[in-house]
Amino acid sequence: MADEVVLLDRWPSPYCMRVRIALALKGVICEIKDEDLSNKSTLLLQMNPVHKKVPVLIHNGKPICESLIIVEYIDQVWNEKPPLLPSDPYQRAHAKFWADFSDKMVCLYSMSLLTSKREELEVATKEFKENLKLLEEQLGDKHYFGGEELGFLDVALLPIITGFKTREIYGKFKIEDEFSKLFAWANRCLQKESVSKSIPDQEKMYGLIVEMRKKFGVE
Amino acid sequence: MGSEDVKVLCFWASPFSLRVEWALKLKGVEYEYIEEDIYNKNTLLLELNPIHKKVPVLVHGSKPIVESFVILEYIDETWKQHPLLPQDPYQRAHARFWANFAEHKLLYASFIAMVASGDDTEKALNVARDSVEKIEQEIKGKKFFGGDNIGYLDIALGWISYWIPVYEEVGSMQILDPLRFPAINAWMTNFLNHPVIKDRLPPRDDMVAYIHTRKKIMSPTYHDLMKYL
């Protein structure tokens, strides 16, 4: 029986990006439906009645919600492809901990960019850099957070790179200069078609952030 | 792998460290309980959980694992007896979803309802009751969320059976109306009466006194918490 896979999606959402990357890495054929969150589709309201948010993966009619839960689901179901999570329980726990940490990072970072005036961004930038330092320590000298191949934590973190240019402009710093390992990791990941075709480029994200900041009256 | 020492850094009043203990006890895993004064953090905690500096921390051999839901999954993967999470990927995703939901919606809302005042309490109570309504649909017709036996979701949601009644008492409010939510009330009774759980509950009088203190401390600045609703 052919799998029917649908993703309720929004292109700029970092949470949706994680799912798109995971699907691409596993070579899953998926119908992507773009949602207008100001006019939510009946399908979205039916498939995620609790939160009414994207991403929602619908696999043979059954919905799975929450990006990291979806990524783990994808990893378990399409398990003939290289695993995203390691098999060792401690390594798995380690990856899940840092993925959870990245969730908090993504949330805080998005909120501050959209709601803070330029002058207020200094504090948010400082915190962002502290988090980047922690992540760089985790990466160490590895090619990917997952080791030799992209893994669960890489997928969880990759959406952050779409905001690198934005952060550099507002925070007045260069990631390449201050976080060279992360910069190298980002470029390494972008060499992979599964990643580059699944996430918007940094210019496009910057343009959207500027537009939204004007809309929220902070620019 | 399972034969190394297990230690758990806990705080007696924390629902998060208690759920780790429940999981270990259900699996019959021996562990050393280490009480951590979370208001006066000692160097061991800061060493083992440098990022969040919180309990619980499970230390297996020399390996620290933090974040209670991550710990639950680690326990389930390391000690295979009495499996907690279902095997089926969809059922697993479902259980994880509801564990997160209860944590981020019901736990925050019920605590906020207790420390807030006026309209803000009402607002928080509405969120809490709506959350309970959704969870009620999940438990209808089942003895436990795990089916006939306690599973991951029972342990992840078990705090509801103990802490919400305490919050209700301290806040003089009602969230778990038995007429409106008969299934969840029945589950609470089943859960609290399970021999493993019954044997490992914090002393209620001490908990009520502790929560009264927390309410007194948090009430003046509760507005900061409203953003979590």
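Read on for an overview of the structure. All values reported here derive from a predicted model rather than from experimental measurement.

To continue, consider the state of the cysteines. Tallying each qualifying case throughout the model produces zero disulfides over all chains. Looking at A:Cys16, it has no disulfide partner, and the nearest cysteine sulfur is the one in A:Cys30, 11 Å off.

On to the side chain of B:Glu21. All names here are of chain B. Relative to the elements of secondary structure, Glu21 occurs in helix α1 (residues 15-26). Residue classification places Glu21 among the buried positions, given a relative accessible area of 2%. Here the side chain of Glu21 touches Tyr31 through a polar contact of 2.6 Å, side chain to side chain. A polar side-chain atom of Glu21 sits 2.9 Å from a polar atom in the side chain of Arg200. The contacts of Glu21, once residues within four sequence positions are left out, are Cys10, Tyr31, Tyr33 and Arg200.

Bringing the pairing of strand β3 (residues 57-60) of chain B into the picture now. All names here are of chain B. Because side chains alternate across β3, one face comprises the buried residues Val57 and Val59, and the other comprises Leu58 and His60, equally buried. Sheet topology note: the strand β1 (residues 6-10)/β3 ladder contains four bridges and is antiparallel. Each residue of the ladder has a partner; that of Val8, found in β3, is Leu58. Relative to strand β4 (residues 63-66), β3 runs antiparallel, the two sharing four bridges. Across the sheet, His60 pairs through a bridge with Lys63, a residue of β4.

Another point: unusual backbone geometry. All names here are of chain A. Note that the residue after Val54, namely Pro55, is joined by a cis bond; omega there is 0 degrees. Tracing the backbone through its elements, the reader meets Pro55 in the loop between α2 (42-47) and β3 (56-59). Although it is not a glycine, Lys52 adopts a positive phi angle of roughly 55 degrees. Relative to the assigned elements, Lys52 resides in the loop between α2 and β3. A positive phi is found at Asn60, a non-glycine position, where the angle reads about 50 degrees. Tracing the backbone shows Asn60 in the loop between β3 and β4 (62-65).

If you check helix α4 (residues 89-115) of chain B, its first and last C-alpha atoms are 39 Å apart, about what 27 residues at 1.5 Å a residue would give, namely 39 Å. Most pronounced at B:Ala102, the bend in α4(B) amounts to some 30 degrees.

Time to look at empty space enclosed by the protein. All names here are of chain A. Scanning the entire structure with this criterion turns up one cavity of 30 Å³ or more. One number sums up the size of the largest cavity: a volume of about 50 Å³. Lining of the largest cavity is provided by Leu132, Leu135, Phe145, Leu157, Ile160, Ile161, Phe164, Leu182 and Trp185. Residue assignment for the lining of the largest cavity shows that the elements contributing at least two residues are α5 (121-139) and α9 (180-190). Its residues assigned to classes, the lining of the largest cavity shows nine nonpolar, no polar and no charged.

What follows deals with the packing of aromatic side chains. Within the structure shown, the criterion is met by 18 aromatic pairs over all chains. Ring geometry for A:Phe97 versus A:Trp98: centroids 5.2 Å apart, planes at 90 degrees, classification edge-to-face. Taken as a pair, A:Phe97 and A:Trp98 share a single burial class, namely buried. With a centroid separation of 5.6 Å and an interplanar angle of 75 degrees, the aromatic rings of B:Tyr108 and B:Tyr228 are classed as edge-to-face. Separated by 120 residues along the polypeptide, B:Tyr108 in helix α4 and B:Tyr228 in the segment after α10 (204-218) bring together distant segments of the chain. Note on B:Tyr108: relative accessible area 31%, which makes it partly exposed.

What follows deals with the environment of B:Lys140. Of note, B:Lys140 is situated in the loop between α5 (118-139) and α6 (152-157). It is 9.1 Å that separates the C-alpha atoms of B:Lys140 and B:Trp187, two residues lying 47 residues apart in sequence.

Residues and elements named next belong to chain A. One can find Thr162 in the loop between α6 (152-157) and α7 (164-171). On the basis of relative accessible area, Thr162 is assigned to the buried category, the value being 3%. On a C-alpha basis, the gap between Thr162 and Ala186 in space is 9.5 Å, while along the polypeptide they are 24 residues apart. Contact partners of Thr162, with chain neighbours within four places excluded, come to Met17, Ile199, Pro200, Gln202 and Met205. Only 2.7 Å separates the side chain of Thr162 from the backbone oxygen of Pro159, close enough to count as a polar contact.

Contact with chain A, which involves 23 residues of that partner, is made by 25 residues of chain B. Of the charged contacts, one joins B:Glu77 and A:Arg92 as a salt bridge, the two residues approaching to 2.9 Å between their closest N and O atoms. Every element with two or more residues in the side of chain A that touches chain B is listed here: β4, α3 (67-77) and α4 (89-115) of chain A. When residues in the side of chain A that touches chain B are grouped by element, the largest group, ten residues, is from α4(A).

Rules used in this analysis
Each chain has its residues counted from 1, running along the sequence as written. As they are written, the chains are lettered A onward and the ligands numbered 1 onward, keeping that order. Side-chain atom pairs in this predicted model are given and counted only at pLDDT of 80 or more, local residue features only at pLDDT of at least 70, and totals for whole chains, interfaces and linings cover all residues. Heavy atoms from the whole structure form the basis of all side-chain values; hydrogens and water molecules are not counted. Disulfides are defined as pairs of cysteine sulfur atoms found within 2.5 Å of each other. For helices the rule is a DSSP run of H or I covering at least 4 residues; for strands it is a run of E covering at least 2, with both sets numbered from the N terminus onward. Burial classification: accessible surface area is computed with a 1.4 Å probe over protein chains only, and a residue below 20% of its type maximum counts as buried, one above 50% as exposed, and the rest as partly exposed. In protein, a polar contact requires one atom able to donate a hydrogen and another able to accept it; more generally it is a pair of N or O atoms within 3.5 Å, and residues adjacent in sequence count only if both atoms are side-chain atoms. Working rule for contacts: check all heavy atoms of both residues, and any pair within 4.5 Å makes them a contact. DSSP-based pairing: two strands are paired if at least 2 bridges between them are found. To estimate how far a helix should extend, the number of its residues minus one is multiplied by 1.5 Å. Bend at a residue means the angle formed by two fitted axes: the first through the 7 residues ending at that position, the second through the 7 residues beginning there. A 1.4 Å probe that fits into a set of points on a 1 Å grid over the protein atoms alone but cannot get out defines a cavity; an open set with protein on both sides within 12 Å along at least five of seven lines defines a pocket, and lining residues are those with an atom within 4 Å of a point. Grid points are joined across faces, edges and corners, and a volume is the space filled by probe spheres set on the points. For this scheme, ten residues count as nonpolar: Ala, Val, Leu, Ile, Met, Phe, Trp, Tyr, Cys and Pro. Four count as charged, namely Asp, Glu, Lys and Arg, and the remainder, Gly too, count as polar. A pair of Phe, Tyr and Trp rings is counted when the ring centres sit within 6.5 Å of each other, with Trp represented by its six-membered ring. The angle between the planes then sorts it: under 30 degrees is stacked, over 60 is edge-to-face, the rest tilted. Salt bridges are counted wherever a side-chain nitrogen of Lys or Arg sits within 4 Å of a carboxyl oxygen of Asp or Glu.

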